[in-house]
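Given next are the chains, with one letter for each unit.
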Amino acid sequence: MTNARLTTVVPTGTLTKTARIIEVFSSVQGEGLHVGELHLFVRFWDCNMQCHYCDTDYQGSFRELSEEEITVALGQFPGNHTAVSLTGGEPLLWRPFLESFLPRLKSKGEQIYLETNGTLPEALGKVVQWVDVVAMDVKPPSATGDKAYWREHEAFLRVALEAPHHPELFVKLVMTPQVTREDFDRVLSLIQRVDGTIPLVLQPVTPQREAERTLESGQLMEWFRLAQQELNHVRLIPQVHPKLGLP
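Given the structure is predicted, the values throughout are model-derived calculations rather than measurements.

S.K.: Explain the layout of surface pockets here, please?
M.R.: Gaps left between atoms are located by rolling a probe of water-molecule size over the structure's atoms. Of the pockets and cavities examined, the largest pocket occupies roughly 700 Å³. Around the largest pocket, the lining is made up of 37 residues, and of these E31, D55, T56, T87 and G88 lie nearest the centre. With three residues, the single largest contributor to the lining of the largest pocket is strand 1 (residues 18-28). When the residues that make up the lining of the largest pocket are grouped by side-chain class, the tally is 15 nonpolar, 13 polar and nine charged.

Set out below in structure tokens:
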């Protein structure tokens, strides 16, 4: 399936001092192994994929913000935040900006949580030294309706694992009714091949429209048990923030 899309082009090898930001906000982390923690979120504009279940208008309105403007915005939210979560869209499309911005955040003692579609391993390699948690979505084509990224996913996981400071790493798979057994098995074999101790989070899709379906509980448990037979650490965790009415 081919999708026409506008993709942000940032000059390779050039540090940039601004990025297109959809929003900066404080909320509860609603997905993955850190669900329930209070995070600061920086949502970047644009994505290199077009998943049919996406819940973000990643090519909608944005503001062109400098490092200083984002830093000031982050400082306006009260509370004991565990991390600054880089989300999108796809934050790694803004790799040149992150190469300059992330050292600034780290110098302030911030923990950096990267939410990513795991398709840009070279970009990760440029910034992983400043990242504390890598939350990588795996994108089987039967779930996304987009092209396959198996090679990119494997390379991405290896970059994260081989980083000298060993950031926390986990993989998240959004479970839709369209996921095939072939693709599910390929996800499991991908993680096994790289490192079977990488945690896998199975996340039931959150319907975005009334006509959309999620998986029945019996089917979810069947997938869950299959994954447990192959991997060391498997969790079944739905999105929490939509249920709480949070961004």
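Next comes the rest of the account.
S.K.: Help me understand the sheet that holds strand 7 (residues 168-175), please; the structure alone is not making it clear to me.
M.R.: Strand pairing in a sheet relies on backbone hydrogen bonds. The paired strands run either parallel or antiparallel. The mixed open sheet is built from nine strands, whose spatial order is 3-1-2-4-5-6-7-8-9. The outermost strands of the open sheet, each flanked by one partner alone, are strand 3 (63-66) and strand 9 (234-236). Neighbour-to-neighbour, the strand axes of the sheet open up by a mean angle of 30°, direction not taken into account. Bridging between strand 6 (residues 133-137) and strand 7 involves five bridges; their strand directions are parallel. Residue pairing across strands places V134 opposite L169, the latter belonging to strand 7. Docked against the sheet, helix 5 (residues 150-162) engages strand 5 (112-116), strand 6 and strand 7, running at close to 170° with respect to strand 6.

S.K.: Help me understand the pattern of salt bridges, please; the structure alone is not making it clear to me.
M.R.: Note on pairing: side chains with opposite charge can pair once their charged atoms come close. In this structure the tally under the stated criterion is 13 salt bridges. Residues E154 and R158 are paired through a salt bridge, measuring 3.0 Å at the closest nitrogen-oxygen approach. Placement of both E154 and R158 in helix 5 is noted, with a separation of four residues, approximately one turn of the helix. Its relative accessible area of 30% is what places R158 among the partly exposed residues. Salt bridges sharing partners connect three or more residues here, namely K17, E67, E68 and R104.

S.K.: Explanation requested: the side chain of H34 in the structure shown.
M.R.: For H34, the position within the fold is in the loop between strand 1 and strand 2 (38-44). Residue H34 is classed as buried on the basis of its relative accessible area, which comes to 13%. A polar contact is formed between the side chain of H34 and the side chain of E37, at a distance of 3.0 Å. Beyond its immediate chain neighbours, meaning those up to four positions away, H34 contacts Q29, H39, Y113, V133, E168 and F170.

S.K.: When you look at the packing of helix 1 (residues 67-74) against helix 2 (residues 95-107) in this model, what are you seeing that I'm missing?
M.R.: The geometry of a pair of packed helices is captured by two quantities: the angle between their axes and the separation between those axes. Between helix 1 and helix 2, the shortest axis-to-axis distance is 11 Å and the interhelical angle comes to 40°. Here helix 2 runs oblique to helix 1, going by the angle between their axes. Here the hand of the crossing between helix 1 and helix 2 comes out right-handed. Counting all contacts with helix 1, which are made through E67, E68, I70, T71 and L74, the residues of helix 2 involved are F97, S100, F101, R104 and L105. Partitioned by chemical class, the residues of the contact of helix 1 with helix 2 number five nonpolar, two polar and three charged.

S.K.: Would you mind showing me how to read the nonpolar core here?
M.R.: Burial of nonpolar side chains together is a common tendency in soluble globular proteins. Counting 68 residues, the largest nonpolar core has F44, L74, L86, L102, F184, L200 and L202 as the members making the most contacts within it. Excluding anything up to four places from it in sequence, L202 contacts L173, M175, F184, W223, F224, A227, V234, R235, L236 and I237. Formed by seven residues, the second largest nonpolar core is a distinct cluster that contains Y113, V133, F170 and V201.

S.K.: Sorry if this is basic, but what is going on with the packing of aromatic side chains here?
M.R.: Any pair of aromatic rings gets described here by the distance separating the centres and the angle formed by the planes. For the structure shown, the criterion picks out five aromatic pairs. Between the aromatic rings of F44 and F97, the centroid separation amounts to 6.3 Å while the plane-to-plane angle is 65°, which identifies the pairing as edge-to-face. Note that F44 is positioned in strand 2 and F97 in helix 2, a separation of 53 residues in sequence. What makes F44 buried here is its relative accessible area of 0%. Taken together, a centroid distance of 4.4 Å and an interplanar angle of 50° make the contact between F184 and W223 tilted.

Cut-offs used in this document
- Residues numbered from 1 in each chain as written.
- Predicted model: local features only at pLDDT ≥ 70, side-chain atom pairs only at ≥ 80, totals over all residues.
- Heavy atoms only, no water.
- 1 Å grid on protein atoms, 1.4 Å probe; cavity = no way out; pocket = protein on both sides within 12 Å on 5 of 7 lines; lining within 4 Å.
- Points joined across faces, edges and corners; volume = space filled by probe spheres on them.
- Helix = DSSP H or I, 4+ residues; strand = E, 2+ residues; numbered from the N terminus.
- Nonpolar A, V, L, I, M, F, W, Y, C, P; charged D, E, K, R; others polar.
- Pairing = 2+ DSSP bridges.
- Axes fitted to C-alpha atoms, helices over the stretch in contact; angles between N-to-C directions.
- Contact = heavy atoms within 4.5 Å.
- Salt bridge = Lys/Arg side-chain N within 4 Å of Asp/Glu carboxyl O.
- Buried < 20%, exposed > 50% of the residue type's maximum accessible area, 1.4 Å probe, protein only.
- Polar contact = N/O pair within 3.5 Å; in protein donor to acceptor, adjacent residues only side chain to side chain.
- Parallel < 35°, antiparallel > 145°, perpendicular 65-115°, else oblique.
- Left-handed = near helix turned anticlockwise from the far one by under 90°.
- Core = buried A, V, L, I, M, F, W, Y, C linked by side-chain atoms within 4.5 Å.
- Phe/Tyr/Trp six-rings, centres within 6.5 Å; stacked < 30°, edge-to-face > 60°.

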